[in-house]
Amino acid sequence: MRKRDLGILLLAAFAILVCLQNEGQFSFQEEWSHDSQPAGMLALEGDPLPPPVVADLNGDGRSEVVIVTHDSKLMVLDPGRRSKAGLFKQTVVRAQTSLLPSRVRVATGRTPVALAAGSLDGPRNSPREGARKQVIVVVTAGWSILCFDHNLKLLWENNVQEDFPHGAHHREVAIHIGNHTLRSGDRGSVIVGGSMEVAPQLADPLAAELSAEEAAAKLRRSADKKANLEDVTGGAAGTKERHFSYYAYSGGDGALRWKHDSKDFRRDGSALSEQLLPQHNYKLDASALGARHFGEAECREFREAVLDVMPHRWDRRSDTHFELAHFEKHRRRTPPGGKATPGPHSSHKGAHGKDHSNPVTRALGKAAELATKPRAAKANSSHAGVTNALVAHLKEGIEAIHLYSGRTICKLLLPPHQLHADVNGDGVLDHVQASGGHGQETVVVPGMNEPLKPCWAVATSGVPVREQLFNGTICRPASMFSETNFASRHFGRAPHDDFASLEVATPVLMPIPDGHRHRRNSRGEAIFLNSRGEVTAYNPEALHHRHGQRRWQVASPASWSNPFTPAGVQADRSVPTLLAMPLRSGGSPELILAAGDKDAVLISPTGSRLVEFSLPAKPIAPLLVADFNNDGLNDLILTSFEGYYGFAQVRQPGALMFSTLVGCLIVAIAVVFLLQHFNQPKGGRPVPSKRATD
């Protein structure tokens, strides 16, 4: 065989191999569906339903899908086995129960607003102990907390409506179910948290004006003897409902173990007035004046622990969730002299706000430090790194509370609709945000003199912001001139471009491995998605110039459009999805999932479109990533007004086998080519082959 023929054959084999790699070795197949109430009925409801939960309730190795309905029902769906035809099949309702009271069937206040499932028991040491059963916890609009077993039998019920004002709706709700016992003899724990807010259209302008006049009158006169309570959260109107309250219960019987609400942070003003120091003997820095809770420390003292619970991004009520973590104060590096350098807020003799010349004040300060120091359980005190804190990801930021007492450890205020993570891996918290079109809310970045331009992204670093990492456009250029000068003010903004209806999704972090050890979910690329379906990746490593480095930008079918509606008006709006998705259950993110109102696409970290599939209905919530068929591969669940749809991840082993065969063919061709090359005579000309007739 001639070298020319070998070269052509080798080139064709390489082309086949590249096509197979770009084609992908997996796909998402239509699996099951569940029709909810009649189409359009869910759109009339004020609050959206909580997303479904995928869990193995009875421990038989098969997962179930738990959902709730607007008519106050709790259902357990069986996804069943894989559909051979690749079409949606109706799921089987394995069990269902009503959330209404057993005696008085009143539906008021029984609409579900939060749903969670989990196990109250620890891991099994041997198969003889039996399977781990899980429980289901539902929180209703009337603040009723219901706990069901795996057979939907009601175990216990509590109500905390009296702690919240009437006439308000749920702002945030979250549930945590775990095997941590808060008291000896308990079976696990259930922690519920939430906050309320008054709807803008329901607010009374006369009441607001009276409240403002009353607040102004309090500033003009001194407090009388009856004003004994001081609200350290500010005393503003609406503080009670906006404050995020926590309630911890025993998982077995529902006994209250501790609670954390706005009343826990009111102090006796008359008692504090007796402890006031002279003005010349007391100093307050900005951090002391900004304290929100009595006994709360600053999150800068827990810098490492805060970075471990990142990334943080909040878009809607379903993004509020709890996370267990280990919180301890940041250990400062010891200098060569041998003594640790105290920080600006450490408790040395020259600390601000302490009168060390007064022995009574010194004793009270030591007592306050001991009282506000988090106390872990005895079993956990001897081991470093164990769970001792519950971290709440809220609209206002993150809040860490002590798991066994409910006392506030620290709270870090972070704006919503942004990505907060250590993007460049330098140990400093970064903030990434993007702005939509002219019809969207104006975005002003700290440290910048003007608002963000339409379809523009910016990343900053530090708390508070100290530097800017990068900024650039997240829209495709309108001309080659814009492509070559992407750092200009008018990048991607031609006169005919229409940014009025352009929307952007909250950016996500795609971790990029580089062979070094980094903190979990840190050091990666910032991924952006706009309503045109354009996906953009920025790398913050190029910090030498202001505008960073745009790695790639690809056009995808993940586009959406929403009509303009006034604030407070419910409408049929599409909710996009932008996630860093792991392909295997419990694995690390490998691909980027982007979905619009009609299509979804999975993109590789290098910008290649791997898998695309159509959506049967408009999503009203982000796609849920979970393994509902127990094959170890993550699947997708779509929530729409019409119901729920499940997509199963299907591997294609034939493509892998064919790729292997093509690779073997390439190796064989290369070996033959080398053998022919080295077997040539020294003259350089190949020996002509003889014909069969010669």
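Note that this is a predicted model, so its numbers are computed, not measured. (Residues numbered from 1 in each chain as written. Predicted model: local features only at pLDDT ≥ 70, side-chain atom pairs only at ≥ 80, totals over all residues. Heavy atoms only, no water.)

Taken together, the side chains of V667, V671 and L675 present a nonpolar region at the surface, about 270 Å² in accessible area. Mapped onto the elements of the fold, V667 is located in helix 9 (residues 653-678). (Patch = residues over 30% accessible without salt bridge, like charges linked within 9 Å, V, L, I, M, F, W, Y side chains within 5 Å. Areas by Shrake-Rupley, 256 points an atom, 1.4 Å probe, with all protein chains shown as cover. Salt bridge = Lys/Arg side-chain N within 4 Å of Asp/Glu carboxyl O. Helix = DSSP H or I, 4+ residues; strand = E, 2+ residues; numbered from the N terminus.)

Attention now moves to the sheet that holds strand 35 (residues 643-651). Read from one edge of the open sheet, 5 strands run 5-1-35-34-33, paired in mixed fashion. In this open sheet, the two edge strands, each paired with only one partner strand, are strand 5 (89-90) and strand 33 (624-626). As paired elements, strand 34 (residues 635-639) and strand 35 share 4 bridges and run antiparallel to each other. For L636, the partnering residue across the bridge sits in strand 35 and is F647. (Pairing = 2+ DSSP bridges.)

Here we take up the state of the cysteines. By definition, a disulfide links the sulfur atoms of two cysteines through a covalent bond. The tally for this structure, following the rule as stated, stands at 2 disulfides. Between the sulfur atoms of C299 and its disulfide mate C410 the distance is 2.3 Å. The chirality of the disulfide connecting C299 with C410 is right-handed, given an S-S dihedral of about 90 degrees. Within this pair, whereas C299 is found in the loop between helix 5 (286-289) and helix 6 (303-308), its partner C410 is found in strand 20 (residues 408-413), the two being separated by 111 residues in sequence. The exposure class of C299 is buried, given its relative accessible area of 10%. In this structure C410 comes out as buried when scored by relative accessible area, which is 2%. (Disulfide = S-S within 2.5 Å. Buried < 20%, exposed > 50% of the residue type's maximum accessible area, 1.4 Å probe, protein only.)

For the rest of this paragraph, the subject is the nonpolar core. In this structure, V66, L74, L115, I136, V138 and F148 are the most contacted members of the largest nonpolar core, which totals 24 residues. Contributions of two or more residues to this core are made by strand 2 (53-55), strand 3 (64-68), strand 4 (73-78), strand 8 (134-140), strand 9 (144-148) and strand 35. (Core = buried A, V, L, I, M, F, W, Y, C linked by side-chain atoms within 4.5 Å.)

By the definition in use, this model includes 15 salt bridges. One salt bridge in this structure joins D78 and R62, with 3.6 Å as the shortest N-O distance. Placement of the pair is D78 in strand 4 and R62 in the loop between strand 2 and strand 3, with a sequence separation of 16 residues. Exposure remark for D78: the relative accessible area of 17% places this residue in the buried category. Taking the relative accessible area as the measure of exposure, R62 reaches 39% and is therefore partly exposed. Between K259 and D163 there is a salt bridge, and its shortest N-O distance comes to 3.9 Å. Of this pair, K259 sits in strand 15 (residues 256-260) while D163 sits in the loop between strand 10 (154-159) and strand 11 (169-178), placing them 96 residues apart in sequence. Here the salt bridges do not stand alone but share partners, grouping R62, E64, D78 and R94 into one network.

Before going further, it helps to spend a moment on the side chain of E525. Assignment of secondary structure puts E525 in strand 26 (residues 524-529). A polar side-chain atom of E525 sits 2.4 Å from a polar atom in the side chain of R551. Setting aside residues up to four positions removed in sequence, E525 forms contacts with V508, L509, M510, I512, A537, Y538, N539, R551, W552 and P605. (Polar contact = N/O pair within 3.5 Å; in protein donor to acceptor, adjacent residues only side chain to side chain. Contact = heavy atoms within 4.5 Å.)

Bringing the sheet that holds strand 19 (residues 397-402) into the picture now. Strands pair in a sheet through their backbones, by hydrogen bonds, and they do so in one of two ways: parallel or antiparallel. Spatially, the 4 strands line up as an open sheet ordered 17-18-19-20, and their pairing is antiparallel. Both edges of this open sheet fall to strand 17 (321-325) and strand 20, since each of them pairs with a single strand only. Going across the sheet, the axis of each strand differs from the next one's by a mean of 20 degrees, ignoring polarity. The sheet contact formed by strand 17 and strand 18 (residues 389-393) spans 5 bridges and is antiparallel. By the bridge assignment, L324 is partnered in strand 18 with L390. (Axes fitted to C-alpha atoms, helices over the stretch in contact; angles between N-to-C directions.)

Taken over all residues, the pLDDT of the protein chain has a mean of 76, while the share at 70 or more is 64%. Between residues 341-355, whose pLDDT stays under 50, and residues either more than four places distant or in other chains, the model counts 26 contacts. (pLDDT = per-residue confidence, 0-100.)

Another aspect to go through is unusual backbone geometry. One can expect most non-glycine residues to show negative phi and most peptide bonds to be in trans. Of the consecutive residues M310 and P311, the connecting peptide bond is found in the cis state with omega at 10 degrees. Inspection of the secondary structure puts P311 in the loop between helix 6 and strand 17. Here the bond from V463 into P464 is cis, since omega is 0 degrees, no more than 30 degrees from zero. With respect to the element layout, P464 can be found in the loop between strand 23 (456-461) and strand 24 (467-473). With a phi angle near 60 degrees, W143 is a residue other than glycine that sits in the positive phi range. With respect to the helices and strands, W143 occurs in the loop between strand 8 and strand 9. Accessibility expressed as a relative area gives 0% for W143, which makes it buried. Of note, H417 is a non-glycine position whose phi angle comes to about 60 degrees, a positive value. Along the chain, the position of H417 falls in the loop between strand 20 and strand 21 (419-421).

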